[in-house]
Amino acid sequence: MLFKDQIGFIRQHMKRNRLRTAMTVLAATMGCAFLIVLASVGFGLHKTLMDELLSNQTVTEIQIHGKEDSGEPITAEEQELIRQLPGVDAVVARSYLESPSRVLLDDRLNRAQIILTDAEQEAKAELDLSAGALPSSRNEVIVGYHFAENLLTEQELIASEKGESPAGYRGDLIGETIRLEVMSSESEEPGPETWEFTIAGIAEEPAKDWRVDNLVLVDESFREEFPVFTAPEGEEVAPYFEINAYAEDLAAVEAVTESLKTEGYYVYSVTEEMTTMNLFFNVLKAGLIFVGTIAVLIASIGIFNTMTMAVTERTREIGVMKAIGAQPKLIQRLFLMESAWIGIVGTMLAVVISFAVSALVNQLIPNIVLNILAEDGAGAEGMNIIVSDIPWQLVVIASFISIGVAMVSGWRPARKATEIDVIQALRQEL
Amino acid sequence: MIAVNHLVHSFKVGKKGGERNIPVLKGVTLEVRKGEVTAILGKSGSGKSTLLHVLAGFMKPDSATVRIAGQETTGLSAAEYAEFRLEHFGFIFQNFQLMPGLTAFDNIALPLKIKGVPRGQRELNVLQLLKEVGLQEVADHYPNELSGGQQQRVSIARALITEPPIILADEPTGSLDSETEQDVLQLIRSLNENRGTTFVIITHDEEVAAIADRQYRLHDGELVKGGKRHAV
Ligand SMILES: Nc1ncnc2c1ncn2[C@@H]1O[C@H](COP(=O)(O)OP(=O)(O)O)[C@@H](O)[C@H]1O
Ligand SMILES: [Mg+2]
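Note that the structure is predicted; figures quoted are calculated from it, not measured.

(A) View of the overall build of chain A. Assigned secondary structure in chain A consists of eleven helices and twelve strands. What you see for chain A is a C-alpha radius of gyration of 35 Å, clearly larger than the 22 Å of a compact globule of 430 residues, by over 25%. With the C-alpha coordinates of chain A rotated into their principal frame, the extents come out at 115 × 50 × 35 Å. Out of the 430 residues belonging to chain A, those deemed buried represent 46%. Within chain A, counting contacts between residues at least 6 apart in sequence, those at least 24 apart form 80% of the total. Accessible surface computed for chain A: about 22,400 Å², of which carbon and sulfur atoms make up 58%. Across chain A, the 32 positively charged side chains and the 62 negatively charged ones have centroids separated by 27 Å.

(B) How the structure looks around the site of ligand 1. Taken together, Arg427 of chain A together with Phe11, Val13, Val24, Lys43, Ser44, Gly45, Ser46, Gly47, Lys48, Ser49 and Thr50 of chain B make up all the residues around ligand 1. What surrounds ligand 1 is not a single chain but chains A and B. Measuring from an oxygen atom of ligand 1, one finds a backbone N or O atom of Gly45 of chain B at 2.7 Å. Gly47 of chain B is positioned with one of its backbone polar atoms (N or O) 3.0 Å from an oxygen atom of ligand 1. Protein burial of ligand 1: of its 560 Å² of free accessible surface, 65% is covered by the chains. If you list the elements that add at least two residues to the shell around ligand 1, you get strand S1 (2-13) and helix H1 (48-56) of chain B. Looking at the shell around ligand 1, the element that brings in the most residues is H1 of chain B, giving three residues. Residue composition of the shell around ligand 1, by class: three nonpolar, six polar and three charged.

(C) The arrangement of the nonpolar core in detail. By size, the foremost hydrophobic cluster in this structure holds 68 residues, and its most contacted members are Met321 and Phe335 of chain A together with Leu168 of chain B. Considering each element in turn, this core owes the most residues, eight residues, to helix H9 (residues 328-375) of chain A. Sequence-distant contacts of Leu168 of chain B, defined by excluding residues within four places in its chain, comprise Leu52, Leu55, Ala56, Phe89, Gly90, Phe91, Ile92 and Val200 of chain B. Core analysis: the second largest hydrophobic core is formed by 40 residues, Val133, Leu160, Leu176 and Val184 of chain B among them.

(D) Up close: the environment of Gln182 of chain B. Residues and elements named next belong to chain B. Structurally, Gln182 can be placed in helix H6 (residues 178-195). On the basis of relative accessibility, which here comes to 32%, the residue Gln182 falls in the partly exposed class. The spacing of Gln182 and Glu207 is 25 residues in sequence and 9.4 Å in space, taken between C-alpha atoms.

(E) Looking closely at unusual backbone geometry. Residue and element names in this part refer to chain B. Residues other than glycine seldom take positive phi values, yet Ala69 does so here, at roughly 50 degrees. With respect to the helices and strands, the residue Ala69 is situated in the loop between strand S4 (63-68) and strand S5 (71-72). Residue Ala69 is classed as partly exposed on the basis of its relative accessible area of 36%. Here the phi dihedral of Phe96 falls at roughly 65 degrees; this positive angle occurs in a residue that is not glycine. Counting through the fold element by element, Phe96 comes out in the loop between strand S6 (89-92) and helix H3 (104-115). Residue classification places Phe96 among the buried positions, given a relative accessible area of 9%.

(F) Representation of the interface of chain B and chain A. If you look at the interface, chain B gives 27 residues, while chain A gives 22 residues. Taking both sides of the interface into account, the surface hidden between chain B and chain A amounts to around 2,100 Å²; carbon and sulfur atoms contribute 64%. Across the chain B-chain A interface, the total number found is one salt bridge. Taking the shortest distance from any N to any O, the salt bridge between Arg122 of chain B and Asp5 of chain A comes out at 2.6 Å. If you look at where chain B meets chain A, you find nine residue pairs in polar contact (both at pLDDT 80 or more). Only helix H2 (78-88) and H3 of chain B provide two or more residues apiece to the side of chain B that touches chain A. Per-class residue counts for the side of chain B that touches chain A are 16 nonpolar, five polar and six charged.

Criteria and cut-off values
Counting starts from 1 at the beginning of each chain's written sequence and moves along it residue by residue. Key to labels: chains lettered from A, ligands numbered from 1, both in the order written. At least 70 in pLDDT is required for a residue's local features to be given in this predicted model, at least 80 for side-chain atom pairs to be given and counted, and no such filter applies to totals for whole chains, interfaces and linings, which use all residues. Where side-chain values are given, they derive from all heavy atoms of the structure, hydrogens and water being excluded. Segments assigned H or I by DSSP are reported as helices when at least four residues long, segments assigned E as strands when at least two residues long, and all are numbered from the N terminus. Each radius of gyration reported is based on C-alpha atoms, and the globular scaling rule is 2.2 Å times the count of residues to the power 0.38. Relative accessible area decides the class of each residue, using a 1.4 Å probe on protein chains only: under 20% of the type maximum gives buried, over 50% gives exposed, and in between gives partly exposed. Any two residues having at least one pair of non-hydrogen atoms within 4.5 Å are treated as being in contact. For accessible areas, the Shrake-Rupley method is used with a probe of radius 1.4 Å. Any residue's cover is judged against the shown protein chains and nothing else. A positive count includes Lys and Arg, and a negative count includes Asp and Glu. His and the chain ends are not counted in either. Charge positions are represented by NZ for Lys, CZ for Arg, CG for Asp and CD for Glu. By convention in these notes, a residue is near a molecule or strand provided one of its non-hydrogen atoms lies within 4 Å of it. Polar contacts, as counted here, are pairs of nitrogen or oxygen atoms within 3.5 Å of one another; within protein the pair requires one atom able to donate a hydrogen and one able to accept it, and residues that are adjacent in sequence qualify only if both atoms are side-chain atoms. When residues are grouped by polarity, Ala, Val, Leu, Ile, Met, Phe, Trp, Tyr, Cys and Pro land in nonpolar, Asp, Glu, Lys and Arg in charged, and all others, Gly among them, in polar. Residue types Ala, Val, Leu, Ile, Met, Phe, Trp, Tyr and Cys, when buried and joined through side-chain atoms within 4.5 Å, form a set referred to as a nonpolar core. Defined here as a combined quantity, buried area equals the accessible surface (1.4 Å probe) lost by two parts on assembly, summed across both. Note on definitions: salt bridges are taken to be side-chain nitrogens of Lys or Arg within 4 Å of carboxyl oxygens of Asp or Glu.

In structure tokens:
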């Protein structure tokens with residue numbers, strides 16, 4: 001029998017039982033749609049948290065907290081060795097000036113965070129400039145994107161304390177000379193020591209609009225000069241506050257993290273968190289798919305019933321087909337194709353419906369949740385919540401399960417059809 | 001064309017444990033010649049249908065050697081016999097056995113569909129045959145819109161559409177009134193003469209058997225008399 005004629009044969013049969021076929025397809029659709037929508041919540045939440053995780057930090061960053069069995073701070077030589085590791089772009093050692101300090105420009109003042117770092121490594125890692133250039137001498141600095149608007153006159157300072165938002169410095173900062181005052185915490189008589197710097201560049205605006213970048217990046221070599229970093233006789237002062245390695249890309253992060261670990265460093269990178277998160281969500285997704293599959297199995301009972309009835313009803317016709325000379329294999333295939341058709345159409349409808357439901361859920365639920373959070377005073381405006389996400393993998397998995405189950409449930413009836421005895425079948429009343 | 005040698009078959013009846021064997025065919029030997037109409041005549045229950053079912057391969061006899069068109073058929077598997085039937089046999093049944101969901105045209109085309117003949121070829125063949133059996137007018141009617149005589153013509157056309165060498169007919173006029181019966185018998189005769197198709201007709205009716213070139217009489221599972229008659 002030609003494939004075209006087999007299709008025609010099935011169509012003719014289903015036409016005769018339009019309502020029954022439609023109801024069975026409906027059951028298959030509901031089962032499969034339930035599976036997809038249920039599992040899509042797992043995928044959606046995973047995506048939400050993953051996006052959140054990845055957007056809150058530089059994903060290629062590997063934080064190095066120290067080294068095993070030494071307790072010693074990481075030396076410049078060790079940093080250089082890490083820099084040589086394959087997949088590492090840069091190693092940035094930042095020291096945060098913790099003693100009180102302020103930056104002055106004419107009559108304006110900014111209590112910016114002072115950081116000692118190597119601008120070249122910063123630039124290789126993640127620092128991009130919105131204006132100016134990298135420092136070319138040790139007396140040049142880079143300031144954060146929000147440095148200007150936090151550089152305030154006395155009146156503006158008072159206004160900002162009242163809750164207003166003053167404009168800050170409006171002019172071009174590049175080339176301006178700023179004065180830095182640092183209060184020595186060690187000296188008996190605290191008094192400001194001052195240094196002068198020229199602004200060489202301004203950093204790019206932070207990706208997250210709520211983040212404020214009010215830093216001043218000062219050259220490493222001032223370590224010796226700033227009072228707080230100058231260790232008094234006999235005392236140990238940790239020279240680095242924060243050391244980060246930067247991998248070439250996200251794919252390299254895991255390998256670099258692992259090789260640093262084997263070298264004995266205490267490290268943290270986004271992959272650490274991703275591994276636990278992925279494990280958790282993959283288990284959750286598998287669980288949801290399992291529960292959804294139960295719905296598909298319930299629908300399959302409908303397919304089994306429909307196909308069994310179809311075979312019973314057509315016993316005489318099957319007998320005639322066999323008498324004429326149809327192969328048992330052909331009879332089996334015709335019935336399997338029919339149950340597969342139910343499965344395929346059910347699945348296709350289910351996919352369409354699932355995408356619609358998913359879109360609806362993503363419209364409604366985040367709004368409701370954010371409204372409730374807003375009433376509670378908890379700010380979650382910046383959060384982009386995806387409740388339901390249907391990646392193509394989920395569509396493939398669900399289709400596989402749904403069509404597979406449909407074919408398995410049609411297997412028994414199809415088998416029964418091939419076993420029909422011609423003599424018995426022809427004896428049946430019309 | 002068909003040579004049956006010492007066909008023995010008995011049915012088991014009764015509950016499991018207390019089964020009895022009822023012998024139905026007790027060593028039947030017969031021959032069907034190519035191009036002839038052969039009638040197998042016998043009372044109801046004499047085993048005629050069982051004999052035909054064995055020839056058609058619908059069941060396996062207890063023992064026999066059966067040669068059809070030069071092939072030993074008792075050893076064929078179900079799938080092999082299905083193919084053999086498609087090649088060698090057409091069937092005419094007492095109650096027509098048409099597909100209720102198909103028109104007369106599509107019922108006749110069914111064996112060609114099963115055989116895998118493409119649609120264009122199929123339609124040509126069916127139209128030709130519809131003319132031959134006088135059914136052009138009712139080609140698009142469904143079986144329940146046809147008279148008994150018309151239905152039997154459709155089923156005869158269906159049996160002939162693949163141009164098989166042998167037609168097996170089990171009580172082909174059993175459901176028809178005597179006038180229609182004569183029409184159908186005439187049709188069988190003329191098809192036999194025009195096409196040279198071999199017919200094996202099973203009947204309890206002497207009048208039907210009268211159109212045959214050769215008659216066998218079954219009585220209690222044994223052939224009591226065989227012989228050649230000349231066509232009417
Ligand atoms: N499947 C069966 N099981 C038991 N007995 C059967 C079966 N089929 C036929 N018989 C018996 O075999 C005998 C012959 O039947 P059959 O060949 O149909 O006769 P006929 O066609 O000549 O009327 C009958 O007595 C019938 O009851
Ligand atoms: Mg009979």
